[in-house]
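One-letter residues, chain by chain:
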Amino acid sequence: MSPQPQAAVGAPLSRVEGRLKVTGQVRYSAEHDVKDAVHAVIVGASIGCGRITAIDTRHAEAHAGVLRVIHHGNAPKLPYRDNSASNNPPGRRLRVFQDDRVLFHGQPVAVVVATALEAAQHGASLVKVRYDAQKPSTDLEKAQADKPITYDRGDAEATLRSAPVRMDLAFSMARNHHNAMEPHATIARWSGDKLTVWDKTQWVVGTQTELSTVFGLPADSVRVISPYVGGGFGSGLRCWPHTVVAALAAREIRRPVKLVLTRKQQYAGTGFRPSYRYRLKLGSNRQGRLAAMAHEMDAETSSYETFTESVLQPGQMLYSTPNVHQAYRTVPLDVNTPLYMRGPGYATASFVIESAMDELAHELGIDPIELRRRNEPSQDESKNLPFSTRRLRECYTTGARTFGWDQRSTEPRSRREGDWLIGVGMAAGVYDTARMPAQAHVRLDADGTALVDAAASDMGPGTYTSQTQVAADALGLTMRTVTFRLGDSLFPPTPPHGGSMTMASVGSAVLDGCNQVRRQAIKLAVDDRRSPLYGAKPEDVVVRGGRLHVDGNPARGETYRSLLSRNNRTHLAAEGSFAGPAAKERHSFYAYNATFAEVAVDATLGLVRVRRMLGVYDAGRIISPKLAESQAIGGITGGIGTALLEHTVTDHRDGRIVNANLADYLVPVNADVPDIKAIYLDGEDREADPLGVKGLGEVVHVGVAPAIANAVFNATGHRVRQLPITAETLL
């Protein structure tokens, strides 16, 4: 069969929606023009644990423009129908306004609905709530942990006792918040028993399912619309209580309701990367061959839900280690529920493991890259499966050559430029190649244009553009003649827009649907006596620029437009699908990176400045190099924040987050990100999916923090085992 020409995939194309965004024409969740919409403002609990004893709404309800104040005392009881497909376990969600319990500081305890935003805001300030307050448990160091999730192979403890080289290291990582640019917001409108919401979400199908569960509706009675997310980093991967509040208020008021969270409210309402305590015991021989690792980790979760993430996997497969023990304990606290944040689990484990590997290399006098090479596994030792692709060695080689690793001083604190100590470090990174079932609808119209629909999301990586590239090449059309639509639960279902699975999952469904439509057109042509392609072998026909022709004989062919018009066809259509991973995998699937960092540390003040960074990635086929470059810049920038800046601070007396704003919660700005480069190794992974992609959004973040921490050690000789790295820890 002649291969279909590829003109769009692999080309460094600009975003198809880029002009709309930079000219302000895109509408985000709070900006949709919904007729007769009123405004809602949430009143959050001012205690961290306890019960509501009274709510005085008289002054709020008397304020001009206020329509109603809804709280547990007057809200209807919601059915919360059991639905196993919901993105919350049955019975474990926060049931807003259903009882008097307060489970965390900032929990919604009332909502004020008014004709104007200012009236709703002032009305919320007039609501007086009295509590029977209890001291909340918010300190990971003092709370009781749940029963651990464990993993064992070999006998780690016995091996550690006899290992020639042993390390016992304690690490801690602060809580991080997503802090996307667009605030979380919902507009809810009822039409009889049918609900439509415009929502900031990375999973329209999940939000649809959750709302149908809460209100006891059939799923097709709920429509969720989210064409533009405005950044998420994981915060939109579930339906949050404020979305339920907006829908409840809209049903009670009988008018559409718009609810926009403030920046402060997002710290208590839309999840976070949990804080960790992590102890790692490591044993090796004098040549640096790992013999055993024992991982003990505690992570915060909420008291009403159990949140876990993939923090165990790197310790099971990144390096050849015959003996491994892991114990992962969640610690229930009086906080809102954590959620996945860029590189979830893997980024946390990476900081610990890669810092320890660097420490072991220094202890043994072995180059850190050479130490990693010596412990490179031949297969995934946790699954006894071969890797589909694993090119970490090539990542090391390419990165070391490009970054100038051979110029690195092996002796810490030996390179200085004036007041600044200069250091270079590196780390390996890994992330699971996730794939899930997905569907897409493809329609080729008689005018030669195509429309592709899928209920996917685009929070920034460029889903609109990359899916259009796949569709354009599969159909043999130009980019401008293909329209890809997403962000509507009426479209064919897709998995969450997270975990780096969108390109592999949705892209494969789009590819399948477009291939079906192209083959329909080819069959129509070769069976049509009036077509120049009549009698040709279908496998010899390709499409380029909307014109079907015999491969190697461009003169023999015709356009989609002429073919469909002559046959009185208004369109051709197909339902594309991707089944997801096989029930029994034959390979182990991961993407990899080697990340390099150079830092400068003020010898007197302890201030750390990143001078340059490089990431080298084994991430399969790259659909859009320009978007991939953007992903790396964003992931590395986020890693700089994790390493040096981001730290959510809680007042344990009442559970209040002290720095719930962008003045006190620090994120990287341009001055913190001077020089970032990314290299993607050529290749593909056809074992993973039909497109040969692995996913980019997570792996580009994993490994950044330990690379910076290792560079700080190289600069100062001071090993920091907590994040973020602050001046105080270096002085």
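Refer to the structure printed above.
Each value, and the rule that gives it
- Residues numbered from 1 in each chain as written.
- Predicted model: local features only at pLDDT ≥ 70, side-chain atom pairs only at ≥ 80, totals over all residues.
- Heavy atoms only, no water.
- Salt bridge = Lys/Arg side-chain N within 4 Å of Asp/Glu carboxyl O.
- Helix = DSSP H or I, 4+ residues; strand = E, 2+ residues; numbered from the N terminus.
- Buried < 20%, exposed > 50% of the residue type's maximum accessible area, 1.4 Å probe, protein only.
- Pairing = 2+ DSSP bridges.
- Core = buried A, V, L, I, M, F, W, Y, C linked by side-chain atoms within 4.5 Å.
- Contact = heavy atoms within 4.5 Å.
- 1 Å grid on protein atoms, 1.4 Å probe; cavity = no way out; pocket = protein on both sides within 12 Å on 5 of 7 lines; lining within 4 Å.
- Points joined across faces, edges and corners; volume = space filled by probe spheres on them.
- Nonpolar A, V, L, I, M, F, W, Y, C, P; charged D, E, K, R; others polar.
- Phe/Tyr/Trp six-rings, centres within 6.5 Å; stacked < 30°, edge-to-face > 60°.
- Lys NZ or Arg CZ within 6 Å of the ring centre and 35° of its normal.
- Axes fitted to C-alpha atoms, helices over the stretch in contact; angles between N-to-C directions.
- Parallel < 35°, antiparallel > 145°, perpendicular 65-115°, else oblique.
- Left-handed = near helix turned anticlockwise from the far one by under 90°.
- Expected span 1.5 Å × (residues − 1).

Draft legend 1. Geometry of the pattern of salt bridges. Under the criterion given, the structure shown has 42 salt bridges. Of the charged contacts, one joins Asp168 and Arg279 as a salt bridge, the two residues approaching to 2.5 Å between their closest N and O atoms. Residue Asp168 is found in strand β8 (residues 165–173), and its partner Arg279 is found in strand β13 (residues 276–284); the two are separated by 111 residues along the sequence. Exposure remark for Asp168: the relative accessible area of 45% places this residue in the partly exposed category. Overall, Arg279 belongs to the partly exposed group, its relative accessible area being 40%. Measuring nitrogen to oxygen at the nearest pair gives 2.5 Å for the salt bridge that ties Arg390 to Glu376.

Draft legend 2. Focus on the pairing of strand β5 (residues 108–114). With respect to burial, β5 is a largely interior element, 7 of its 7 residues being buried. In the sheet, strand β1 (residues 38–44) pairs with β5 via 6 bridges, with the strands oriented antiparallel. By the bridge assignment for β5, Ile42 is matched with Val111. When strand β3 (residues 66–71) meets β5, the two strands line up antiparallel, connected through 5 bridges. Each residue of the ladder has a partner; that of Val66, found in β5, is Ala114.

Draft legend 3. Expanded view of the sheet that holds strand β2 (residues 50–56). Read from one edge of the open sheet, 3 strands run β4-β2-β6, paired in antiparallel fashion. Each edge of the open sheet is held by one strand with a lone partner, namely β4 (101–102) and β6 (128–133). Looking at chain direction, β2 and β4 are connected through 2 bridges and run antiparallel. Paired with Arg51 across the strands is Arg101, a residue of β4.

Draft legend 4. Region of the structure containing the nonpolar core. In this structure, Tyr278, Val599, Tyr617, Tyr680 and Ile708 are the most contacted members of the largest nonpolar core, which totals 89 residues. At 11 residues, helix α9 (residues 346–364) tops the list of elements feeding residues into this core. Look past the residues within four positions of Tyr278 in its chain and what remains in contact with it is Leu169, Ala170, Phe171, Met173, His295, Glu296, Met297, Val311, Ala349 and Val352. Counting 51 residues, the second-largest nonpolar core is a separate cluster that includes Ala8, Leu444, Ala504 and Ala525.

Draft legend 5. Structural context of empty space enclosed by the protein. Counted by the stated rule, this structure contains 5 cavities of 30 Å³ or more. Volume-wise, the largest cavity comes out at about 220 Å³. What lines the largest cavity is a set of 25 residues, and nearest its centre among them are Pro108, Trp240, Pro241, His242 and Gly269. Secondary-structure elements contributing two or more residues to the lining of the largest cavity are α5 (204–215), α6 (241–253) and α7 (263–269). Grouping the amino acids of the lining of the largest cavity by side-chain chemistry returns 14 nonpolar, 7 polar and 4 charged. A volume near 130 Å³ is recorded for the second largest cavity. Along the walls of the second largest cavity sit 18 residues, with Ala347, Thr348, Thr642, Ala705 and Leu723 positioned nearest its centre. Elements with a contribution of two residues or more to the lining of the second largest cavity: α9, α15 (625–644) and α16 (704–716).

Draft legend 6. Seen up close, the packing of aromatic side chains. Going through the model one piece at a time under the given rule, you end up with 13 aromatic pairs. The interplanar angle of 85 degrees and the centroid separation of 6.3 Å between the aromatic rings of Phe387 and Tyr592 together place this pair among those described as edge-to-face. Of this pair, Phe387 sits in the loop between α10 (368–374) and α11 (392–403) while Tyr592 is found in strand β25 (residues 590–602), placing the two residues 205 residues apart along the sequence. In this structure Tyr592 comes out as buried when scored by relative accessible area, which is 0%. Taken together, a centroid distance of 6.4 Å and an interplanar angle of 50 degrees make the contact between Tyr590 and Tyr592 tilted. The class of Tyr590 is buried, set by a relative accessible area of 2%. Positioned above the aromatic ring of Tyr80, the side-chain terminus of Arg95 is 4.5 Å from the ring centre. A cation over an aromatic ring shows up here: Arg238 above the ring of Trp240, its NZ or CZ 4.8 Å from the ring centre.

Draft legend 7. Quick peek at the side chain of His587. Note on placement: His587 falls in the loop between β24 (571–578) and β25. Since its relative accessible area comes to 17%, His587 is described here as buried. In contact with His587, not counting residues within four places along its chain, are Leu385, Pro386, Phe387, Ser388 and Glu687.

Draft legend 8. The arrangement of the pairing of strand β21 (residues 541–544) in detail. In this structure, β21 lies alongside strand β22 (residues 547–550), joined through 4 bridges in antiparallel fashion. Each residue of the ladder has a partner; that of Val543, found in β22, is Leu548.

Draft legend 9. Inspection of the sheet that holds strand β30 (residues 722–723) at higher detail. The strand order across the open sheet built from 6 strands is β7-β15-β14-β13-β8-β30, with neighbouring strands paired in mixed fashion. A single partner strand is all that each edge strand has here, and the edge strands are β7 (149–153) and β30. In this structure, β8 lies alongside β13, joined through 9 bridges in antiparallel fashion. Directly across from Leu169, in β13, lies its bridge partner Leu280. Against the sheet, α9 engages β8, β13, β14 (290–302) and β30, with an angle of about 145 degrees to β8.

Draft legend 10. Quick peek at the packing of α9 against α16. Between α9 and α16, whose axes approach to 8 Å, the crossing angle comes to 30 degrees. One way to sum up the angle between α9 and α16 is to call them roughly parallel. Handedness of the α9/α16 crossing: right-handed. Note on element contacts: α16 touches α9 through Ala705, Pro706, Ala709, Asn710 and Phe713, opposite Ser350, Phe351, Glu354, Ser355, Asp358 and His362. The residue makeup of the contact of α9 with α16, split by class, is 5 nonpolar, 4 polar and 2 charged.

Draft legend 11. Representation of helix α13 (residues 502–526) in the model. Here α13 is 25 residues long and its end C-alpha atoms lie 35 Å apart, about the 36 Å a rise of 1.5 Å per residue gives. Counted residue by residue, α13 has 20 buried out of 25 residues, so it is predominantly covered.

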